[in-house]
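What follows is the residue order along each chain.
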Amino acid sequence: MKHPSSCNHITVSDANQDRPGASSASRREFLRSVAVVGVGAMLPATGLIAQVASTGGGPKAGRIDVHNHYGSPALTAAVGEKRLGAAVAGWTPEKALADMDGAGVSTGLLSIAPQGDPFGDPATAVRLARDCNEYAAKVAADHPGRFGVYGMTPMPNIDGTLKEIEYALDTLKADGICFFTSYGDKWLGDAAFNPVFEELNRRKTLVYTHPITANCCKNLIPNLGDGAIEWGTDTTRAVANMIFNGAQARYPNVRMIFSHGGGTMPFLVERFANMAKGAQYASKFPDGFAGAAAKYFYDTAQVANPAAMSALSKVVPISSIVFGTDFPFRKAGEHVQGLKDCGVFSADDLRKIDRENILPFVPRFKT
């Protein structure tokens, strides 16, 4: 797989991953390489990707895509091109920028998709998360203002996750942290993840989530990919667990984005609303389930259609909806057109969805 030569050197584990002490040496080599390629000093107060607002080509003050996936050499090597899929394995910044420019997207926030369960192997998850984060940070630094970064973590490894959160936010200056909606048989909101969310709450972190297939539900219907049904359902499980298990109330400063319009949550809202009224929960939800759901963000990736947007916009306010595309699996232009044609939003609504709703949480892209 061919990648831009300016990024080749930051695949820090390719040659050295099996040598004692290679990790720290690789980190030092990575930091030294910053000066070589001229992307700015790696100072503690600024970090690699905390650059001046957009100075390159492309649309200024355009749409911000909160759901933009990338691939990296280390990811392809670890997972394999077949499991990862051609779209991710063949990803380049140039392909992403071409799609963004064609749809008026000024910034794409980068994350790893769950193809091949990239962090499912505990033996490689810590190293791979670090490699992915440094690669994404380098891409963002090479294209100031065009890409943001969600730091990936080796969840459910709590200690490893806390260390990677610190590195991603403090050293790389990532814009937020990314989690999958579940890990094995535990969903976000589970008490096992409390130490992680306590730290994120302390930092007031933006958290992007992406669905994955839980242990319970792999290949339930042969020849029908898990993403078609299970991923929307897994998102719903995570939303419900965060709210009804009390994690939302415990960690009010964590700003969460749920992919694909909240999965099936808008279509199950009557059940959730009635649960919130019950004796077990009524005192905890004075504004009902809708009030709790409105505290999260929901992106438009793969749901820019009349049915999904009509349902979502009747559950949460426009201020809770943000623009997402699922690139490279879908094109940004398809979502721009879908949102315009769905008949749900005014021009003012679309301006908020496209950019304004998420901008306060990624203020470096104000331009």
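Up top is the structure.
Because the structure is predicted, anything quoted here is derived from the model rather than measured.

Student: Looking at this structure, I do not really get the overall build of the chain. What am I missing?
Tutor: When you go through the chain residue by residue, the secondary structure sums to 16 helices and 10 strands. Looking at the 367 residues of the chain, the share that counts as buried comes to 54%. Put simply, of all contacts in the chain between residues at least 6 apart along the chain, 78% involve residues at least 24 apart. For the chain, the exposed area adds up to about 15000 Å²; of that, 54% sits on carbon and sulfur atoms.

Student: Mind showing me how you'd approach the state of the cysteines here?
Tutor: In protein structure, a disulfide is the covalent linkage between the sulfur atoms of two cysteines. Under the counting rule described, the total for this entry stands at one disulfide. Sulfur-sulfur distance for the disulfide between Cys216 and Cys217 comes to 2.3 Å. Judged by the sign of its S-S torsion, about -85°, the cystine formed by Cys216 and Cys217 is left-handed. By relative accessible area, Cys216 is classed as partly exposed at 45%.

Student: Can you help me understand the pattern of salt bridges in this one?
Tutor: It is possible for side chains of opposite charge to pair when their charged atoms get near one another. Here the structure, examined in full by the defined rule, presents 16 salt bridges. Of the charged contacts in the structure, one is a salt bridge between Arg364 and Asp175, with a shortest N-O distance of 2.7 Å. Of this pair, Arg364 sits in the segment after helix H16 (347–356) while Asp175 is found in the loop between helix H8 (158–171) and strand S4 (176–180), placing the two residues 189 residues apart along the sequence. What you see here is one network of salt bridges that share partners, running through Asp170, Glu199, Arg202 and Arg203.

Student: What exactly am I supposed to notice about H16 here?
Tutor: Since the α-helix advances by 3.6 residues per turn, residues separated by three or four positions end up pointing in the same direction. Among the residues of H16, those classed as buried are Asp349, Leu350, Ile353, Asp354 and Arg355. Here the buried face of H16 lies against strand S1 (63–69), strand S2 (105–111), strand S10 (321–322) and helix H15 (332–341).

Student: In this structure, what is going on with the sheet that holds S2? I would like to understand it.
Tutor: The strands making up a sheet associate through backbone hydrogen bonding, with each pair oriented either parallel or antiparallel. Judged by pairing direction, the sheet is parallel, and its eight strands sit side by side in the order S1-S2-S3-S4-S7-S8-S9-S10 without closing on themselves. Of all strands in the sheet, those bounded by a partner on one side alone are S1 and S10. Pairing analysis gives two bridges linking strand S8 (residues 255–258) to strand S9 (residues 297–299), with the strands arranged parallel. Along S9, the bridge assignment pairs Ile257 with Phe297.

Calculation rules
Residues numbered from 1 in each chain as written. Predicted model: local features only at pLDDT ≥ 70, side-chain atom pairs only at ≥ 80, totals over all residues. Heavy atoms only, no water. Helix = DSSP H or I, 4+ residues; strand = E, 2+ residues; numbered from the N terminus. Buried < 20%, exposed > 50% of the residue type's maximum accessible area, 1.4 Å probe, protein only. Contact = heavy atoms within 4.5 Å. Areas by Shrake-Rupley, 256 points an atom, 1.4 Å probe, with all protein chains shown as cover. Disulfide = S-S within 2.5 Å. Salt bridge = Lys/Arg side-chain N within 4 Å of Asp/Glu carboxyl O. Pairing = 2+ DSSP bridges.

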